[in-house]
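Take a look at the letters that make up each chain.
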Amino acid sequence: MSLKDCQEWINSGFPLSTTSNEAAKMYDAIVQQLMYGYDVGEFGPISQCLEKMLSADPNFVLGHTVKHLLTLLSNETSTWSNPVLKADIDDMVEMAEHSDISLLERLHVDAVKFLSMGYLKKACDKWEEILLFNPTDMQALSGHFTTCFQMGQPIKIRDTMASVSQYWKTSKSTEMYSIVKGWYSFGLEEALMFPAAEKEAMEALGLNLHEAWSVHTIAHIRVMQGHPHKAIEYMESTEKDTERNSLHGHIRWHLAIAYIETGDYETALTIYDNEFSDQIHVNLMMLRGAVSILYHLQLEGVSVGDRWEKLYKASVPHIGDQALAFNDIHYLITAQATEHQDVADRLMDSINNFVSDVKDESNDIVNVYRDIALPMCQAFQAYHHDDYGTAVDLLYPLRYQFVKIGCSHAQADTFNVFLLHSALKSSERKHQLLAGSMLRERKAQQENNPMNERLLANIAATL
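Calculation criteria
- Residues numbered from 1 in each chain as written.
- Predicted model: local features only at pLDDT ≥ 70, side-chain atom pairs only at ≥ 80, totals over all residues.
- Heavy atoms only, no water.
- Helix = DSSP H or I, 4+ residues; strand = E, 2+ residues; numbered from the N terminus.
- Buried < 20%, exposed > 50% of the residue type's maximum accessible area, 1.4 Å probe, protein only.
- Expected span 1.5 Å × (residues − 1).
- Arc of directions from axis to C-beta.
- Contact = heavy atoms within 4.5 Å.
- Axes fitted to C-alpha atoms, helices over the stretch in contact; angles between N-to-C directions.
- Parallel < 35°, antiparallel > 145°, perpendicular 65-115°, else oblique.
- Left-handed = near helix turned anticlockwise from the far one by under 90°.
- Nonpolar A, V, L, I, M, F, W, Y, C, P; charged D, E, K, R; others polar.
- Core = buried A, V, L, I, M, F, W, Y, C linked by side-chain atoms within 4.5 Å.
- Phe/Tyr/Trp six-rings, centres within 6.5 Å; stacked < 30°, edge-to-face > 60°.
- Lys NZ or Arg CZ within 6 Å of the ring centre and 35° of its normal.

**Q** What's the story with unusual backbone geometry in this structure? I'm lost.
**A** Peptide bonds are mostly trans, and most non-glycine residues show a negative phi. Non-glycine residue glutamate 339 carries a positive phi angle of around 60 degrees. With respect to the helices, strands and loops of the structure, glutamate 339 is situated in the loop between helix 18 (325-337) and helix 19 (341-357). Judged by relative accessible area, which is 59%, glutamate 339 ranks as exposed. In this structure, aspartate 386 takes a positive phi of about 65 degrees despite not being glycine. Here aspartate 386 shows up in the loop between helix 20 (364-384) and helix 21 (388-395).

What follows is the structure in structure tokens.
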């Protein structure tokens, strides 16, 4: 990995405010690794690069923005639950106001400030402005990609990647260009443009066999088209290609869910035990994946023994975060699965307090919690208390908005399956008929998915 010093940043057309070559190089190492999705061994993990960068220049404003961006994008905390983080970001903003920094650095400060306050659209507006001036800005592109995904805005991902892609094509790094194409392929897939998405992903993999987002895109397409056997074959054949990437664990989640859909519960449990059970503290993506695997198995009537307890213990410290709605639903599931109703109630109280404390109707995170996440959590609570009809009534109006809580269409399918089970268990005739209607929709989209036949058998028994 080649790293730019201060003069090389000037030559690239993006001068930094720091005069420290060490800080400039470490910033380059951080944003490159942010895009790569893995730590580059010669420089150490990103955390070590951050320490070196800010030790070399504690007043490097852009360095502080990328530090806080990484924290916020992890969704492991929030400024409303973490006063230290809020104070640090406030200090960064004040430092920027008294520093001689470029327009682009100031835009980065604004983007992180808005992100930390819950104004995700405003943050994306700032990153899009940066990309107009500098289409190869790795920090802006990474922040924009992840935040648009968490807002359920795949069209913005698709269009932004289409806009900047040509500039990356002429850059020196084939690997970086393949990553941008991989992100573009994912935006296309989430916009349900499957042929175009697969074409883009295959081109990216032609440049770089290890481009994890492209592997992920193709796995998504197989799953979304209702071909779990083909998805399994593809993910098993590419396992080694993505194993050093941070996305690898998530791809293995897709694999476990595909096995569940085929009815091979034993293999899914083996994947859980070997690859998730001891990795749930690595990041919240692995914890969510672990929860989702067990919940899918539970819906299928499979006993998972005492596996829930470990997930519950990992979830409890985060119930007051309200950093990402998708996270909170998984925390709620662990509390319910372990019969810790007091903790489930605390989580519900925390969400209610969060949405009532922030009065600004333009706050994107609050709006998602109030309008979508809160009724979804209430639906899970109702189901847990055998009130299946209420669960349906709460969840059904939201079924086309699930992705807005910070998940993909494939991840949102967990909630579609949950809604089907709720409708099947409801004593209301209209809900049972609704289950049949939803399954017909599902079979039209995923004709070859074996799980549909199992659900159909349940509907036949109910009707």
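Moving on, there is more to tell.
**Q** Teacher, can you tell me more about helix 11 (residues 194-207) here?
**A** For an α-helix, the turn length of 3.6 residues means that residues three or four places apart are oriented alike. Helix length check: helix 11 (14 residues) gives 20 Å between terminal C-alpha atoms against 20 Å at 1.5 Å per residue, within 8%. Residues Phe194, Ala197, Glu200, Ala201, Ala204 and Leu205 constitute the buried set of helix 11. Down the axis of helix 11, the buried side of the element spans an arc of 135 degrees, and every buried residue falls inside it. Turned more than 90 degrees off the buried face of helix 11, the exposed positions are Pro195, Lys199 and Gly206. Buried residues along helix 11 sit in contact with helix 10 (174-190), helix 12 (212-224) and helix 13 (228-237).

**Q** When you look at the packing of helix 2 (residues 21-36) against helix 10 in this model, what are you seeing that I'm missing?
**A** Any two packed helices are characterised by the angle at which their axes cross and by the distance between the axes. The N-to-C vectors of helix 2 and helix 10 enclose an angle of 45 degrees; their axes lie 10 Å apart at closest approach. Here helix 10 runs oblique to helix 2, going by the angle between their axes. Both helix 2 and helix 10 take part in a crossing whose hand is left-handed. For the pair formed by helix 2 and helix 10, the contact residues are Gln32, Met35 and Tyr36 on the first element and Glu175, Met176, Ile179, Val180 and Trp183 on the second. Among the residues forming the contact of helix 2 with helix 10, the class breakdown is 6 nonpolar, 1 polar and 1 charged.

**Q** Would you mind going over the nonpolar core with me for this structure?
**A** Most often, soluble globular proteins have nonpolar side chains that are buried together. Counting 169 residues, the largest nonpolar core has Met53 and Ile405 as the members making the most contacts within it. Among the elements that take part in this core, helix 20 stands out by supplying 13 residues, more than any other. Apart from the residues within four sequence positions on either side, isoleucine 405 is in contact with Gln150, Leu324, Ala325, Phe326, Ile329, Val368, Ile372, Ala373, Met376 and Phe415.

**Q** Before we go on, may I ask you to explain the packing of aromatic side chains in this structure?
**A** Aromatic ring pairs are reported here in terms of the distance separating the ring centres and the angle at which the planes meet. Summed over all chains, the structure comprises 20 aromatic pairs. When the centroid spacing of 5.7 Å and the interplanar angle of 55 degrees are considered together, the rings of tryptophan 9 and tyrosine 27 count as tilted. Taken together, the positions of tryptophan 9 in helix 1 (residues 6-11) and tyrosine 27 in helix 2 put the pair 18 residues apart, joining distant regions of the chain. For the pair shown, tryptophan 9 and tyrosine 27 are each scored as buried. Aromatic side chains phenylalanine 114 and tyrosine 119 sit 6.4 Å apart centroid to centroid with 85 degrees between the ring planes, which places their arrangement in the edge-to-face category. One aromatic cluster in this structure is built from Tyr295, Phe326, Phe380, Tyr383, Tyr388, Phe402, Phe415 and Phe418. Looking at arginine 244, its charged tip hangs above the ring of tyrosine 38, at a distance of 3.9 Å from the centre.

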